[in-house]
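# Inside the fold
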There are 2 protein chains.
Amino acid sequence: MLKSTIAAMTLACAAVGGAQAQGLSQTASALSEKALTDKTAWNVVESLTTEIGPRPVGSPAMERAKDWGLAKLKELGFENVHAEPFTTPAWSRGAESAEVVGPYPQPLHILGLGNSSPTPPGGLTAEIALFPTYRALLAQPPGSLTGKIAVVTEKMTRTQVGSGYGGINPNRTAGPLEAKKRGAVGYLTRSLSTDDTRLPHTGGSAPAGIPAAALSTPDAELLEHMVARGKPVTVRLNMASSSNPAAQAWNVVGEIRGREAPDEVIVIGGHLDSWDPGTGAFDDGAGIAITTAAAKLAGAQPPRRTIRVVMFGSEEQGGSSGAYLAAHKDEVGKMIVTGESDEGPGPIWTLNLPKGSADHPAMGAFLTAIGPLKVIVDRNPSSRGGADIQGLMAAGVPLIDLIPDANRYFDLHHSADDTLDKIDPADLAQSTAVWTAFLYTVANSDIDFRKLAAAAPATPTR
Amino acid sequence: MLKSTIAAMTLACAAVGGAQAQGLSQTASALSEKALTDKTAWNVVESLTTEIGPRPVGSPAMERAKDWGLAKLKELGFENVHAEPFTTPAWSRGAESAEVVGPYPQPLHILGLGNSSPTPPGGLTAEIALFPTYRALLAQPPGSLTGKIAVVTEKMTRTQVGSGYGGINPNRTAGPLEAKKRGAVGYLTRSLSTDDTRLPHTGGSAPAGIPAAALSTPDAELLEHMVARGKPVTVRLNMASSSNPAAQAWNVVGEIRGREAPDEVIVIGGHLDSWDPGTGAFDDGAGIAITTAAAKLAGAQPPRRTIRVVMFGSEEQGGSSGAYLAAHKDEVGKMIVTGESDEGPGPIWTLNLPKGSADHPAMGAFLTAIGPLKVIVDRNPSSRGGADIQGLMAAGVPLIDLIPDANRYFDLHHSADDTLDKIDPADLAQSTAVWTAFLYTVANSDIDFRKLAAAAPATPTR
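Residues numbered from 1 in each chain as written. Chains lettered and ligands numbered in written order. Predicted model: local features only at pLDDT ≥ 70, side-chain atom pairs only at ≥ 80, totals over all residues. Heavy atoms only, no water.

Looking only at helices and strands, chain A has 15 helices and 14 strands in total. Computed over C-alpha atoms, the radius of gyration of chain A comes to 24 Å, within 12% of the 23 Å expected from 2.2 N^0.38 for 462 residues, which places it in the range of a compact globule. When its C-alpha atoms are laid out on the principal axes, chain A stretches across 75 × 45 × 40 Å. Here chain A, with 462 residues, has 58% of them falling under the buried criterion. For chain A, the share of sequence-separated contacts (at least 6 apart) that also reach a separation of at least 24 residues comes to 83%. Each charge class in chain A can be summarised by its mean position, and for the 39 positive and 47 negative side chains these summaries are 4 Å apart. (Helix = DSSP H or I, 4+ residues; strand = E, 2+ residues; numbered from the N terminus. Rg over C-alpha atoms; globule rule 2.2 N^0.38 Å. Buried < 20%, exposed > 50% of the residue type's maximum accessible area, 1.4 Å probe, protein only. Contact = heavy atoms within 4.5 Å. Lys, Arg positive; Asp, Glu negative; His and termini not counted. Charge placed at Lys NZ, Arg CZ, Asp CG, Glu CD.)

In this complex, chain B contributes 34 residues to the contact, which on the side of chain A involves 34 residues. Between chain B and chain A, roughly 2,500 Å² of surface is buried when both sides are summed, and carbon and sulfur atoms account for 51% of that area. By the criterion of area lost to chain A, the three top residues of chain B are Thr50(B), Arg198(B) and Arg229(B), representing 21% of everything that side buries. For Glu51(B), the salt bridge goes to Arg229(A), with nearest N and O atoms at 2.7 Å. Summed over the shared surface of chain B and chain A, the result is 19 residue pairs in polar contact (both at pLDDT 80 or more). Where the side of chain B that touches chain A is concerned, the elements lending two or more residues are α3 (40–51), β2 (106–108) and α8 (217–227) of chain B. For the side of chain B that touches chain A, a count of residues per class yields twelve nonpolar, eleven polar and eleven charged. (Buried area = accessible area lost by both parts, 1.4 Å probe. Salt bridge = Lys/Arg side-chain N within 4 Å of Asp/Glu carboxyl O. Polar contact = N/O pair within 3.5 Å; in protein donor to acceptor, adjacent residues only side chain to side chain. Nonpolar A, V, L, I, M, F, W, Y, C, P; charged D, E, K, R; others polar.)

The end-to-end C-alpha distance of helix α3 (residues 40–51) of chain A, which contains twelve residues, comes to 16 Å, matching closely the 16 Å that a straight helix rising 1.5 Å per residue would cover. Within α3(A), the full set of buried residues consists of Thr40(A), Ala41(A), Val44(A), Val45(A), Glu46(A), Ser47(A), Leu48(A), Thr49(A) and Thr50(A). Structurally, α3(A) contributes buried residues whose contacts are with α4 (60–75), α9 (281–298) and α14 (425–443) of chain A together with β2 and α8 of chain B. Count one or two residues on from α3(A) and you reach Gly53(A), which has phi positive near 75°. (Expected span 1.5 Å × (residues − 1).)

This part takes up the relation of the copies chain B and chain A. Aligned on chain A, chain B shows an RMSD of 0.0 Å; the corresponding rotation is 180° and the shift along the axis is 0.0 Å. The two molecules are tied by a two-fold rotation axis, judged by turn and shift. Comparing interface residues between copies, 100% of those in chain B also sit at the interface in chain A, which points to an isologous, same-surface contact. (Least-squares fit on C-alpha atoms with pLDDT ≥ 70 in both.)

On to the environment of Asn380(A). Structurally, Asn380(A) can be placed in the loop between β13 (376–378) and α12 (390–394). Note: C-alpha distance between Asn380(A) and Pro302(A) (78 residues apart in sequence) is 32 Å.

Here the focus is the sheet that holds strand β13 (residues 376–378) of chain B. The strands making up a sheet associate through hydrogen bonds between their backbones, and the pairing can be parallel or antiparallel. Residue and element names in this part refer to chain B. One open sheet holds the three strands; their spatial order is β13-β12-β14, and the pairing between them is mixed. Bordering the open sheet on either side are β13 and β14 (401–404), each of which pairs with just one other strand. Averaged over all adjacent pairs, the angle separating strand axes in this sheet is 25°, with direction ignored. Here three bridges tie strand β12 (residues 348–352) to β13, and the two strands are oriented parallel to one another. Considered in β13, the bridge of leucine 351 is made with valine 377. (Pairing = 2+ DSSP bridges. Axes fitted to C-alpha atoms, helices over the stretch in contact; angles between N-to-C directions.)

Moving on to the environment of Pro262(B). If you trace the backbone, Pro262(B) turns up in strand β9 (residues 261–271). In the structure, Pro262(B) is positioned 41 residues away from Pro303(B) in sequence and 9.0 Å away in space, judged by C-alpha atoms.

The next point concerns the sheet that holds strand β12 (residues 348–352) of chain A. Residue and element names in this part refer to chain A. What the three strands build is an open sheet, ordered β13-β12-β14; its pairing is mixed. Each having just a single partner strand, β13 and β14 (401–404) make up the two edges of the open sheet. Put simply, the sheet's adjacent strands are angled 25° from each other on average, direction ignored. With four bridges connecting them, β12 and β14 associate as antiparallel partners. From the neighbouring strand, asparagine 352 faces β14, where its bridge partner is aspartate 401.

Residues and elements named next belong to chain B. In this structure, aspartate 418 sits in the loop between α13 (409–412) and α14 (425–443). Within the buried core, aspartate 418 has no salt-bridge partner, and the shortest N-O distance to an opposite charge, that of arginine 55, equals 6.9 Å. Side-chain polar atoms of aspartate 418 contact the backbone nitrogen of phenylalanine 282, separated by 2.5 Å.

The next thing to look at is α4(A). Residues and elements named next belong to chain A. Here α4 spans 23 Å end to end across 16 residues, near enough to the 22 Å set by a 1.5 Å rise per residue. The complete set of buried residues in α4 reads Ala61, Met62, Ala65, Lys66, Trp68, Gly69, Leu70, Lys72 and Leu73. Along its buried surface, α4 packs onto α3, β1 (79–102), β8 (234–256), α9 and β10 (305–312).

Next up on the list: the confidence of the model for chain A. The predicted coordinates should not be examined in detail at positions where pLDDT is low. Residues and elements named next belong to chain A. For chain A, the mean per-residue pLDDT works out to 95, and 95% of the residues sit at or above 70. Within the model, the stretch residues 1–15 combines pLDDT values under 50 with 16 contacts to residues more than four positions away or in other chains. The ipTM value of the predicted complex is 0.93, and its pTM value is 0.94. (pLDDT = per-residue confidence, 0-100.)

Turning our attention to the packing of aromatic side chains. Applying the stated rule across the entire model yields eleven aromatic pairs over all chains. Seen in terms of ring centroids, Tyr165(A) and Phe410(A) are 4.5 Å apart; in terms of plane orientation they differ by 20°. Their pairing is stacked. In this pair, Tyr165(A) sits in helix α6 (residues 163–173) while Phe410(A) sits in helix α13 (residues 409–412), placing the two residues 245 residues apart along the sequence. Exposure class is identical for Tyr165(A) and Phe410(A). Each is buried. Here the aromatic rings of Phe366(B) and Phe438(B) are separated by 5.3 Å at their centres, their planes lie at 75°, and the arrangement is edge-to-face. Here Phe366(B), found in helix α11 (residues 361–369), pairs with Phe438(B), found in helix α14; they are 72 residues apart in sequence, far enough to count as distant. Here Phe366(B) and Phe438(B) have matching classes, each one buried. Chaining the aromatic ring pairs together yields one cluster made of Tyr165(A), Phe282(A), Tyr409(A) and Phe410(A). The side chain of Lys66(A) reaches across the aromatic face of Trp250(A), ending 4.7 Å from its centre. (Phe/Tyr/Trp six-rings, centres within 6.5 Å; stacked < 30°, edge-to-face > 60°. Lys NZ or Arg CZ within 6 Å of the ring centre and 35° of its normal.)

In structure tokens form, the structure reads like this:
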């Protein structure tokens, strides 16, 4: 193993000499410092949230967002700016309301989940069956929830890395199906959220053929207080929605073309679509802003390789990743690295490099440049990625993980609270600075992550 | 001045001797300590928010709240439990929505202000005229806003004492009228709030004959971002509402009757009605809970004087104070002191005693008892009170001000976010402990605040 590491190092040093690495690092450092005061990222997310706002796939707003993306990339000097069309299923919310009918009548704050069925005309009124954990729901036998609205009130945990969301994700995505299997006629989940506001958080769910919605966290607790009194609690849901099996969507693309190796492409981006309640600032206007601004800063002088920014067109309801891979399958072998910014405006607090690349001088130049930005280098190789680049990752494109602090992300995510005012411009600038340094060093070296990975020892374990 | 202070001290000491004051203080201290672990206040506000929820005056929920109040006071052992009916004008919200029509179409989150007019059928669509301060609106000449929706986006300041609300209050209460005077056809104000959620905060306004609503704070900032682009911004409002000129309301009353001087009455309380979006936990379930629990704790052994708890029935839209005074005008001369808890669950961080009472042994006993609770004694006499006791105050009833920390109050006040989960049980218990000690010492002494005030030197200035 030591031998292969040395071999990799030797290869790397042959490609990027010490003096060259030092030059890379100095310029990356200067660009990174510039990014800390540059206003491009802020201006991009301010523009998107102000001029477009909510932009669910299949909506007129998403078509306007596509036009916005094309215009913004051209305005910023990107080349080869174009939209790559595809179609994807799209669910759209209609009017929604919910209330406790008895014994303690009062309104509830809900937000339908993606792929929820509408309620029958006049609404759905049923007794609830409340479970404090999803596991408790799964433990119910078939038929045990017949005629009831199943309610899961499990609380999400706040973590820096956002792992609380992954842990509880099936409560939303699979909950409606599991409730239906047991006979339930409706499903409510406590929002997958760490906030305490009365705003519910939506998100996708597997189609289950029953109405399914998220409760705000105070509403989930309100139902717990009611149920604790021991009397049957009855809830009425009124939910409208529609589905389009083949909505028009677009991945919007712009490039800084490489001057020496233009077909060696770095593919980065975020997603342009958003859920409907907020203005998509954290999710994912920030990612669009960070990657667009970083590409512009890193490519201010024409780089060796091409930097491509993709504004993916259907992350929330799926479709971007497959469409992008299908359109670029002949090109993936030449893609140098990919990365997505889809966990908010940062700051970036840790990162995972592609396997075997940590000791390469180009990565040394990158890490030296971002020294002042206080990012922990995780010794495990990158593996996380984002939903829009799952296709590229599966096709073998090397991955960079630049991971923002997610402590606040799930206070806002998929709710009406996802708005511009929540973004700290300093955090956005720090994230942009990290991405800028990474893009500059990779685009101006000939680092080959595939070769480094092949030559690397087995992944170290923690 | 010195002479009159000494005279007051002498009077006071004649009434409550040193040993008696020590006994008062010891029992008050023990009761106050008991209040810190007693669950009554929590149980009261949990019950009200869970079983009743939103309870605007004139609604069926408010009638249920009246029945709840009567039952709760009886359950807790209060005597002379009854409802005192009165009628008052009541405004009720209907369906509401708002959106930017152009140039950047997207929804806005609003909440109609009390006494807002409905929009015409089909809604009201008009260009906005945005003012960053209320003062800037007032500077506009008559006719200058003809046909426009006036928007004021002034930001409220967070303060411990809640003074940021008072400072900006006319933006909501008088803004619609001032906009109308200048020709406006509609009025929007940034919520009088210190939060950053997408939930607007309602509240009363003087009837102006135009639709008037609060924007959530992110929506106010969104409009600022739009207007900064220099193009006319057009907004559509759809707002329904109705008004009842004489809605039925009730002040709900319960007493701990005094054993020696039952007609010497201490009148305390909070208000039972709430605005409609939240469950009225901070405003004012907490006040109901604190005063009810404190009266019960302080009156566990029959006190000398009567402690009366009033759950006022129409604070938010007015009426309670006048109705209570009118029903008790023959009794006000014998009321010992009054106080209202209507600024949230606490903790109580400062207090103002009735004029001239600071050196009285009974107040010394009270202040000694609450020593562990860390309350700053302001040297200015009480003057603040609450909306429901303005009538009593004007009629000369002495006042106690026990002032809770208001830092978080205006994040929640009058919004859907005013829910039980926001109450810290420890803060609620601390507030209850302070009220308990005050009620116990006053109810078991013969302190005469009117005499002390008459004998007191002029009010010290800071």
